[in-house]
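Structural features, examined
What follows is each chain in one-letter form.
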Amino acid sequence: MSDATSSNAVPDGNDEHNPGFDDLTRDIADVPAVEVITTVAVHLMSAAAVNLGLAEEGDKHKDLDEARKLIQALAGLITASATEISSFHAAPLRDGLKSLQLAFREASIVPDEPGQGPGEKYTGPVYG
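This one's a predicted model, so the numbers in the text were calculated from it and none came from an experiment. (Residues numbered from 1 in each chain as written. Predicted model: local features only at pLDDT ≥ 70, side-chain atom pairs only at ≥ 80, totals over all residues. Heavy atoms only, no water.)

Some remarks on the overall build of the protein chain
When helices and strands are tallied, the protein chain shows five helices and two strands. Going from the N terminus to the C terminus, the protein chain shows its helices and strands as β-β-α-α-α-α-α. Counting only residues that meet the buried cut, the protein chain has 29% of its 128 residues in that class. Once local pairs closer than 6 in sequence are excluded, the contacts in the protein chain between residues at least 24 apart make up 54%. About 8600 Å² of surface is accessible on the protein chain, with carbon and sulfur atoms providing 55% of the total. (Helix = DSSP H or I, 4+ residues; strand = E, 2+ residues; numbered from the N terminus. Buried < 20%, exposed > 50% of the residue type's maximum accessible area, 1.4 Å probe, protein only. Contact = heavy atoms within 4.5 Å. Areas by Shrake-Rupley, 256 points an atom, 1.4 Å probe, with all protein chains shown as cover.)

Notes on the nonpolar core
Leu52, Ile71, Leu74 and Leu100 are the most contacted members of the largest nonpolar core, which totals 21 residues. Secondary structure elements with two or more residues in this core: α2 (33-51) and α4 (64-107). Per-element accounting of this core gives the leading share, 14 residues, to α4. Setting aside its immediate chain neighbours within four residues, Leu74 contacts Ala41, Leu44, Met45, Leu97 and Leu100. (Core = buried A, V, L, I, M, F, W, Y, C linked by side-chain atoms within 4.5 Å.)

Observations concerning the pattern of salt bridges
In total, this model carries five salt bridges according to the counting rule given. Measuring nitrogen to oxygen at the nearest pair gives 3.5 Å for the salt bridge that ties Lys69 to Glu66. With a gap of three residues between them, Lys69 and Glu66 both fall in helix α4, about one helical turn apart. Since its relative accessible area comes to 48%, Lys69 is described here as partly exposed. A salt bridge links Glu120 to Arg105, with the shortest nitrogen-to-oxygen separation between them at 2.9 Å. (Salt bridge = Lys/Arg side-chain N within 4 Å of Asp/Glu carboxyl O.)

A short note on the confidence of the model for the protein chain
Mean pLDDT over the protein chain works out to 87, with 84% of the residues at or above the 70 mark. Here residues 1-7 is modelled with pLDDT under 50, and outside its nearest four sequence neighbours on either side it reaches three contacts, counting other chains as well. (pLDDT = per-residue confidence, 0-100.)

Quick look at α2
With 19 residues, α2 ought to run about 27 Å at 1.5 Å a step, and its terminal C-alpha atoms sit 27 Å apart, in line with that. For α2, every residue scored as buried is listed here: Ile37, Thr38, Ala41, Leu44, Met45, Ala48, Ala49 and Asn51. Projection of α2 onto a plane perpendicular to its axis shows the buried side chains occupying an angular sector of 160°, all on one side. Where α2 is buried, its residues contact α3 (58-61) and α4. Positive backbone phi, at 85°, marks Gly53, one or two positions downstream of α2. (Expected span 1.5 Å × (residues − 1). Arc of directions from axis to C-beta.)

Focus: unusual backbone geometry
Non-glycine residue Glu57 carries a positive phi angle of around 50°. One can find Glu57 in the loop between α2 and α3. On the basis of relative accessibility, which here comes to 52%, the residue Glu57 falls in the exposed class. Within the chain, Ser86 stands out as a residue other than glycine whose phi angle is a positive 75°. By secondary structure assignment, the location of Ser86 is in helix α4. Ser86 gets classed as partly exposed once you look at its relative accessible area, which sits at 34%.

With respect to α4
Taking 1.5 Å of rise per residue, the 44 residues of α4 would be expected to cover 64 Å, yet its terminal C-alpha atoms sit only 8 Å apart, more than 12% below that figure. Of all the bends in α4, the largest measures some 135° and sits at Ser86. (Bend = angle between axes of the 7 residues up to and from the residue.)

Below, the structure is given as structure tokens:
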């Protein structure tokens, strides 16, 4: 059996179903930074929500340690990029972040003190 038909063959990226590195690089270069930042933020939000147990079968996926890390990263990203992506994009991300921070506090058996919760070193204390 030749390499081209072997199950271990490495695709060369020359067909329409398997783009090559140059095609992927060109596609990424065409995406505006604000879109990349907001997309990453939405992924962090979604992952945090799942780890907070807010998805279907929530308790099955609940992991507050993982949620804390994701919320912390999200808060850092939003805080650092807010001036770059404009308030039009930052405001809804901040709202989502605050909701996750409050959900984290509610899900915790021993809630953090205000200002000590995930991401609060970037956002300041979060109150309901």
